[in-house]
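So you can see what is in the structure, the chains are spelled out below.
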2 protein chains.
Amino acid sequence: MNLNEKTKRAGDLRQTLISAGIELLQSGGANALTLRKCAARAGVSHAAPAHHFDGIEGLLTAIAARGHEMFAATMLAHLSRASNLNRDRLYSICEGYLEFSASNQALYGLMFNSGQIDFCDPDLGSKSHASFEILEQCCAPLRDTNTGPLTLEITIWSLLHGYCSFTKKAREGSPKHPANRIPFQQLFDYVVPSN
Amino acid sequence: MNLNEKTKRAGDLRQTLISAGIELLQSGGANALTLRKCAARAGVSHAAPAHHFDGIEGLLTAIAARGHEMFAATMLAHLSRASNLNRDRLYSICEGYLEFSASNQALYGLMFNSGQIDFCDPDLGSKSHASFEILEQCCAPLRDTNTGPLTLEITIWSLLHGYCSFTKKAREGSPKHPANRIPFQQLFDYVVPSN
DNA sequence: CAATCACCTTGACACTGTCAAGTTGTAAAA
DNA sequence: TTTTACAACTTGACAGTGTCAAGGTGATTG
């Protein structure tokens, strides 16, 4: 009848639990995500998730992996709307990054700022690697011969990550925080040569 | 007799609890830090902290504030050993940043990657502002007229923050992660004009 | 001397993650 | 067909967590 029933019919409670977890993150933030609440939202008992994940860490890791799929999709969506200019393409990736982190704050925090997930997980590893590859492919044409390989990628990635961290702190905390005056484009212009 | 007794004599259980929390972070990571364990380590009952902090969030916020004091001290220690060159001075700040994050991983995570502290807290605000001011003062002489105010500061701060995040993920997760091949100095050279 | 009050303790509560044992339905094996 | 095996899920229990209400204690103050 309802969604849960239908999803369970398909036999993949695993996917249902991951979706439930993401919904909990979206609606109630990081503290709302609980193994038992995930189970309840999926319509199963509190011990059911143990048959599909290795404890809470396993569930959170699987949620983060799903998050990386969404993350990559958001960046690719922005990329598809960019011009042919290499610099525009890289900037559109950045816009996708910022949009994802703004629209999925708790999920983004779980993926990038959490000590609760298992970075050794191969599924998480391959999906996060796929995200990074999108960035790499947009950086490649912009590299000049002076800078070492990956320098631009790491710089952009770090800049985005740090910028999100700043704006988040500025949003939640003191509004006098300097970061909320600086648009990302200003940092991008500073870091990426605009030949 | 022991340290707890002596500290409690002085009347500041608050400071004792903060110290206990930092010790727990150092020895057992983020998951080892608990309100009840803090109380036990300080030699008081599990409900005692409530008289000094506003719940667990208040305790974590106070620990983060203390962390920012240590953070600023580490950067200043590195700065004192730098040459007179402005660029060296800024780089020494960065070294201090990286040393602090490497030597106090869980505490650093609580301060910068945690959704569990109250960024509105005035004490935390002033102490984290003091840390940022150290960076600001070292950036000021390096600004050229083209770049907007704070652009260099935010760039360096974000780069450091992102770099720590990368190296942490590379350390815990897949050793094939690209970040662990890139020394920070390479990023610094790329971002900071070198004349 | 009595009252006040900051500080701490005790005990309880709901909630969390995890484990062991039991139930059910399905699919393979006899 | 009957039996067996097994995977998926439930139930119930456990220690640990944060938080609250009530009570005790000792120093300060009127």
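Residue indices begin from 1 for each chain and proceed along its sequence in written order. Whichever chain is written first becomes A and whichever ligand is written first becomes 1, with later ones labelled in order. At least 70 in pLDDT is required for a residue's local features to be given in this predicted model, at least 80 for side-chain atom pairs to be given and counted, and no such filter applies to totals for whole chains, interfaces and linings, which use all residues. Hydrogens are left out, water is left out, and the side-chain values use all remaining heavy atoms of the structure.

Visitor: Any chance you could explain the overall build of chain A here in plain terms?
Guide: Note on conventions: DSSP H or I runs of at least 4 residues are helices, E runs of at least 2 residues are strands, and numbering of each starts at the N terminus. What chain A contains, in helices and strands, is nine helices and zero strands. Starting at the N terminus and ending at the C terminus, chain A contains elements arranged as α-α-α-α-α-α-α-α-α. Exposure categories follow from relative accessible area, calculated using a 1.4 Å probe and restricted to protein chains: below 20% of the type maximum is buried, above 50% is exposed, and the middle band is partly exposed. Considering chain A as a whole, with its 195 residues, one finds that 49% of them fall into the buried category. The contact definition used throughout considers only heavy atoms, calling two residues in contact when any of these lie within 4.5 Å. Taking contacts inside chain A between residues at least 6 apart in sequence as the whole, the part at least 24 apart equals 65%. Summed over its atoms, the accessible surface of chain A is roughly 9400 Å², and 50% of this surface lies on carbon and sulfur atoms. Two residue types count as positive, namely Lys and Arg, and two as negative, namely Asp and Glu; His and chain ends fall outside the count. A single reference atom marks each charge: NZ on Lys, CZ on Arg, CG on Asp, CD on Glu. Here chain A contributes 18 positive and 18 negative side-chain charges, whose respective centroids are spaced 8 Å apart. All accessible-area figures derive from a Shrake-Rupley calculation using a 1.4 Å probe, and residue coverage is judged against the displayed protein chains alone.

Visitor: What should I look at first to understand the protein's contact with DNA strand D in this one?
Guide: By convention in these notes, a residue is near a molecule or strand provided one of its non-hydrogen atoms lies within 4 Å of it. As a structural note, the neighbourhood of DNA strand D is formed by 17 residues, with A:Ser45, A:His46, A:His51, A:His52 and B:Arg36 the closest of them. Counting only atoms of DNA strand D within 4 Å of the protein, the sugar-phosphate share comes to 48%. Under this definition, polar contacts are N or O atom pairs within 3.5 Å; protein pairs additionally need one hydrogen-donor-capable and one acceptor-capable atom, and for neighbouring residues in sequence, both atoms have to be side-chain atoms. Measuring from a base oxygen of DNA strand D, one finds a side-chain N or O atom of B:His46 at 3.5 Å. The backbone of B:Ile56 places a nitrogen or oxygen atom 2.9 Å from a phosphate oxygen of DNA strand D. For the surface near DNA strand D, the secondary-structure elements that each account for two or more residues are helix H3 (35–42) and helix H4 (55–80) of chain B. Among the elements that line the surface near DNA strand D, the one with the most residues is H3(B), at three residues. Note on residue categories: nonpolar means Ala, Val, Leu, Ile, Met, Phe, Trp, Tyr, Cys or Pro, charged means Asp, Glu, Lys or Arg, and polar means any other residue, Gly included. Residues that form the surface near DNA strand D fall into these classes: seven nonpolar, seven polar and three charged.

Visitor: Is there a simple way to think about the protein's contact with DNA strand C in this case?
Guide: Surveying the vicinity of DNA strand C reveals 17 residues, the closest of which are A:Arg36, B:Ser45, B:His46, B:His51 and B:His52. A share of 48% is what sugar and phosphate atoms reach among the atoms of DNA strand C within 4 Å of the protein. Here A:Leu35 contributes a backbone N or O atom positioned 3.0 Å from a phosphate oxygen of DNA strand C. Contacts to DNA strand C include A:Ile56, whose backbone N or O atom sits 2.9 Å from a phosphate oxygen. At the level of secondary structure, the elements contributing two or more residues to the surface near DNA strand C comprise helix H3 (35–42) and helix H4 (55–80) of chain A. With three residues, H3(A) is the single largest residue contributor to the surface near DNA strand C. Tallied by class, the residues present in the surface near DNA strand C amount to seven nonpolar, seven polar and three charged.

Visitor: Would you mind going over the packing of H4(B) against helix H7 (residues 122–139) of chain B with me for this structure?
Guide: When two helices pack together, their arrangement is given by the angle between the helix axes and by the axis-to-axis distance. Residues and elements named next belong to chain B. Axis separation between H4 and H7 bottoms out at 8 Å; the angle between their running directions is 20 degrees. Between H4 and H7, the angle falls in the class roughly parallel. As for how H4 packs across H7, the hand of that crossing is left-handed. Taken together, the residues of H7 that come into contact with H4 (itself represented by Thr61, Ala64, Ala65, His68, Glu69, Phe71, Ala72, Met75, Leu76 and Leu79) are Asp123, Leu124, Lys127, Ser128, Ser131, Ile134 and Cys138. Residues belonging to the contact of H4 with H7 are distributed by class as follows: 10 nonpolar, four polar and three charged. Axis angles are defined between N-to-C directions and span 0 to 180 degrees, where every axis is a line fitted to C-alpha atoms and, for a helix, only to the segment in contact. Orientation categories follow fixed angle ranges, with anything under 35 degrees roughly parallel, anything over 145 roughly antiparallel, 65 to 115 roughly perpendicular, and all other angles oblique. Two helices crossing with the near one rotated counterclockwise from the far one by less than a right angle form a left-handed crossing, whereas a clockwise rotation gives a right-handed crossing.

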